[in-house]
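# A closer look at the structure
Letter by letter, the chains look like this.
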Amino acid sequence: MKKRTLGPCVTFFPQPTTIISSVSQDGQTNLMTASWAGIVSKTPPTMAVSLNRGRKTYENILHSGEFVINMIPASLAVEADYCGVRSGRDENKLANASLTLEPAAKLAVPLLAESPLNVECRLLREIELGEYRLLLGEIVEIHAIESAFSANGEIDTRAFDPLVYLGGIRQYWNLGEKCADAYQDGLRLADKK
Ligand SMILES: Cc1cc2nc3c(=O)[nH]c(=O)nc-3n(C[C@H](O)[C@H](O)[C@H](O)COP(=O)(O)O)c2cc1C
């Protein structure tokens, strides 16, 4: 495969599109788009998100010790982009994007009601990375949209329709088709025992 070197940069994809909800010292909820977010441990269930130390969201999380990572569906691409280009220091993003909130189960920080998958996190640890802070959050609850579940409890991915971010190229795409079953189809290549 012939390749071109890009140098040290942040071109890597796919990334999730998430909106983080957080609450300020004066009780205002803020929304911020973050694609540098993901699950980093199963035991204990942990999510990491990397925030520039100048973000209003970072200030809010340091103060409250809590945040919610809301998965964003493709239908909210424009709203997500908006929450990633303006700061809650200057604008009420919730009102301008016509997004709404609902109470979390374990935290004071609310969930984004329009998100089909919300992860409630308690701040565990912070790791300094130059201008950025990698925040590790203990997952204390997850909410998944009811309509995604069949009668026997199986999840239909299409109900989530996650918005995929292409970091470096700065584009949003949707998920596309399923290619294989994880932890299963790869076994066809394993040594037969
Ligand atoms: C698609 C997208 C992904 C982003 N991901 C991150 C991220 O992971 N970390 C970060 O610090 N900023 C990220 N940003 C930038 C912030 O969302 C942006 O600076 C925002 O205005 C900060 O809001 P706040 O000051 O209200 O917290 C992203 C922006 C976009 C459009």
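The coordinates are above.
Keep in mind that this is a model prediction, so the values were computed, not measured. (Residues numbered from 1 in each chain as written. Predicted model: local features only at pLDDT ≥ 70, side-chain atom pairs only at ≥ 80, totals over all residues.)

In this section: the overall build of the chain. From N to C terminus, the chain includes three helices and 12 strands. Relative to the compact-globule value of 16 Å for 193 residues, the chain shows a C-alpha radius of gyration of 18 Å, a close match. Overall, the chain is about 60 × 50 × 35 Å in size when its C-alpha atoms are taken along their principal axes. Counting only residues that meet the buried cut, the chain has 28% of its 193 residues in that class. Here the contacts in the chain between residues at least 6 apart in sequence split such that 62% fall between residues at least 24 apart. (Helix = DSSP H or I, 4+ residues; strand = E, 2+ residues; numbered from the N terminus. Rg over C-alpha atoms; globule rule 2.2 N^0.38 Å. Buried ≥ 20, exposed ≤ 12 C-beta atoms within 10 Å, placed from the backbone. Contact = placed C-beta atoms within 7 Å.)

This paragraph deals with the site of the ligand. Around the ligand, the structure places 21 residues, and the nearest of them are Trp 36, Thr 57, Gly 84, Ser 87 and Gly 88. Where the shell around the ligand is concerned, the elements lending two or more residues are β3 (29-34), β5 (46-52) and α1 (56-64). Counting residues per element, the shell around the ligand draws most heavily on β3, at four residues. The residue inventory of the shell around the ligand, partitioned by class, reads six nonpolar, 10 polar and five charged. (Near = placed C-beta within 6 Å. Nonpolar A, V, L, I, M, F, W, Y, C, P; charged D, E, K, R; others polar.)

With that out of the way, let us pick up α1. Those residues of α1 not exposed but buried are Thr 57, Tyr 58, Asn 60 and Ile 61. Down the axis of α1, the sector holding all buried residues measures 160 degrees, keeping them to one side. Considering only its buried residues, α1 is in contact with β2 (18-23), β3, β5, β6 (66-71), β9 (117-129) and β10 (132-144). Backbone geometry just downstream of α1 places Gly 65 in the positive-phi region, at approximately 75 degrees. (Arc of directions from axis to C-beta.)

Moving on, we come to the sheet that holds β10. Strand order in the open sheet made by the seven strands is β3-β2-β6-β9-β10-β5-β4, with antiparallel pairing throughout. Each edge of the open sheet carries a strand with a single partner, namely β3 and β4 (37-41). Sheet twist, expressed as the average angle between the axes of neighbouring strands with direction ignored, equals 35 degrees. Here β2 runs beside β6; their pairing, made up of four bridges, is antiparallel. By the bridge assignment, Ile 20 is partnered in β6 with Ile 69. With respect to the sheet, α1 is in contact with β2, β3, β5, β6, β9 and β10, its orientation differing from that of β2 by roughly 50 degrees. (Pairing = 2+ DSSP bridges. Axes fitted to C-alpha atoms, helices over the stretch in contact; angles between N-to-C directions.)

Pairing is antiparallel across the open sheet formed by three strands, whose spatial order is β1-β11-β12. Each of the sheet's edge strands pairs with one partner strand only, and the pair in question is β1 (12-16) and β12 (171-173). Within the sheet, the average angular offset between the axes of one strand and its neighbour, ignoring direction, is 30 degrees. Sheet topology places β1 next to strand β11 (residues 164-167); three bridges connect them, and they run antiparallel. Note on β11: the bridge partner recorded for Gln 15 is Tyr 165.

Within the fold, Leu 99 resides in the loop between α3 (93-96) and β7 (101-102). The residues contacting Leu 99, other than those within four sequence positions of it, are Leu 31, Glu 79, Leu 94, Leu 112 and Glu 114.

If you look at soluble globular proteins, the nonpolar side chains tend to sit buried side by side. Ile 19, Ile 20, Val 49, Phe 67, Val 68 and Ile 69 are the most contacted members of the largest nonpolar core, which has 32 residues in total. Those elements that place two or more of their residues in this core are β2, β3, β5, α1, β6, α2 (77-83), β8 (111-112) and β9. Looking at which element gives the most residues to this core, the answer is β6, with four residues. In this structure Ile 69 touches Thr 18, Ile 20, Ala 37, Met 47, Val 49, Val 119 and Cys 121, once residues within four positions along its chain are discounted. (Core = buried A, V, L, I, M, F, W, Y, C linked by C-beta atoms within 7 Å.)

A few words on unusual backbone geometry. Residue Pro 14 follows Phe 13 across a cis peptide bond; omega there is 5 degrees. Assignment of secondary structure puts Pro 14 in strand β1. One non-glycine residue, Ser 98, adopts positive backbone phi at about 50 degrees. Phi at Tyr 183 is positive, roughly 65 degrees, even though this residue is not glycine. For Tyr 183, the location among the structural elements is in the segment after β12. Since 6 C-beta atoms lie within 10 Å of it, Tyr 183 is described here as exposed.

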